[in-house]
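# Structure at a glance
If you want the building blocks of each chain, they are given just below.
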Amino acid sequence: MPLVVRNTPRTELQVVDGLAAAGVATVHEAQGRTGLLRADIRPIFRPARIAGNALTCEVAPGDNWSIHVAVEQAQLGDILVVTPTSPCDDGYVGDLLAGSLMAHGVRGVVIDAGVRDVATMTEMRFPVWSKAISAKGTVKETPGNVQTPIVCAGAYVRPGDVVVADDDGVVVVPREEAATVLKTAQDREASEASKRPRLTAGELGLDLYNMRGRLADKGVRYVDYSDSE
């Protein structure tokens, strides 16, 4: 029997927005290179960068009924995360659902399936990350779970976990770890900011990152070219 779980916990939007500013690559590194969705989940337009609380939804193949159910549970700052119960590339979300989601405060959609009306959603500036683009529509016959833990594109996602999405992909941060990951991400950004001008000025990463000793330990040898070789 499908479940709709109401009043689920969410991460504070101040933390969510901080993770959005850091971006997917930095957040992924900051939490030990975990939480990435599959690389084929791509934005329908670029540039795009958002973060939000996961509003989770399971859908049957070729059926988007549960997405309409999920809209009712949406809160300001959510991102709808959709996974089909078996693989399907049909166009589950189009401009009409996008407008409805926007009206309820949803920042975007991440879906391990297809979407359509991408030109209109691009004009609307409603960001979507999907596995496919497909004109094929869906029916409304089989409801699924809403606001329950799911696996989307290989990543475990619970309601209220932080979803960060940009041009590099999508990463999920467990809500209990979000503040800690944000601090680590900000520290990483500060470290990178100190290195950037040195690298752009020509300093070699080999020296900046003290790699030469490790290369020697790995047996790397430098030899000069000779015609006799």
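Scroll up a little and you will see the structure.
These lines cover the structure that appears in this document, whether it is placed above or below. (Residues numbered from 1 in each chain as written. Predicted model: local features only at pLDDT ≥ 70, side-chain atom pairs only at ≥ 80, totals over all residues. Heavy atoms only, no water.)

### Considerations on the layout of surface pockets
Counted as a void, the largest pocket has a volume near 160 Å³. If you go around the largest pocket, you meet 14 residues; those closest to its centre are Asn64, Tyr92, Gly94, Leu97 and Arg116. Secondary-structure elements contributing two or more residues to the lining of the largest pocket are β4 (91–93) and α4 (95–103). When its residues are assigned to classes, the lining of the largest pocket shows four nonpolar, six polar and four charged. (1 Å grid on protein atoms, 1.4 Å probe; cavity = no way out; pocket = protein on both sides within 12 Å on 5 of 7 lines; lining within 4 Å. Points joined across faces, edges and corners; volume = space filled by probe spheres on them. Helix = DSSP H or I, 4+ residues; strand = E, 2+ residues; numbered from the N terminus. Nonpolar A, V, L, I, M, F, W, Y, C, P; charged D, E, K, R; others polar.)

### Comments concerning the packing of helix α3 (residues 65–72) against α4
Taken N-terminus to C-terminus, the directions of α3 and α4 make an angle of 20 degrees; their axes are 9 Å apart at the nearest point. By the criterion of interaxial angle, the relationship of α3 to α4 is roughly parallel. The two elements α3 and α4 meet at a crossing, and its hand is left-handed. Of the residues in α4, those touching α3 at Ile67, His68 and Val71 are Leu97, Ser100 and Leu101. (Axes fitted to C-alpha atoms, helices over the stretch in contact; angles between N-to-C directions. Parallel < 35°, antiparallel > 145°, perpendicular 65-115°, else oblique. Left-handed = near helix turned anticlockwise from the far one by under 90°. Contact = heavy atoms within 4.5 Å.)

### Description of the nonpolar core
If you look at the biggest cluster of nonpolar residues, it comprises 44 residues, and the most contacted ones within it are Ile67 and Leu80. If we skip the residues at most four places from it in the chain, leucine 80 touches Leu55, Cys57, Ile67, Ala70, Leu101, Val106, Gly108, Val109 and Val110. Counting 17 residues, the second largest nonpolar core, distinct from the first, contains Val16, Ala22, Ala51 and Leu182. (Core = buried A, V, L, I, M, F, W, Y, C linked by side-chain atoms within 4.5 Å. Buried < 20%, exposed > 50% of the residue type's maximum accessible area, 1.4 Å probe, protein only.)

### Points about the side chain of aspartate 63
Take aspartate 63: it is sitting in the loop between β2 (50–59) and α3. Of the side chains with opposite charge, lysine 140 lies nearest to the buried aspartate 63, which makes no salt bridge, at 7.0 Å. A distance of 2.6 Å separates a polar side-chain atom of aspartate 63 from the backbone nitrogen of threonine 142. Filtering out sequence-adjacent residues up to four positions away, aspartate 63 remains in contact with Tyr92, Thr138, Val139, Lys140, Glu141 and Thr142. (Lys, Arg positive; Asp, Glu negative; His and termini not counted. Salt bridge = Lys/Arg side-chain N within 4 Å of Asp/Glu carboxyl O. Polar contact = N/O pair within 3.5 Å; in protein donor to acceptor, adjacent residues only side chain to side chain.)

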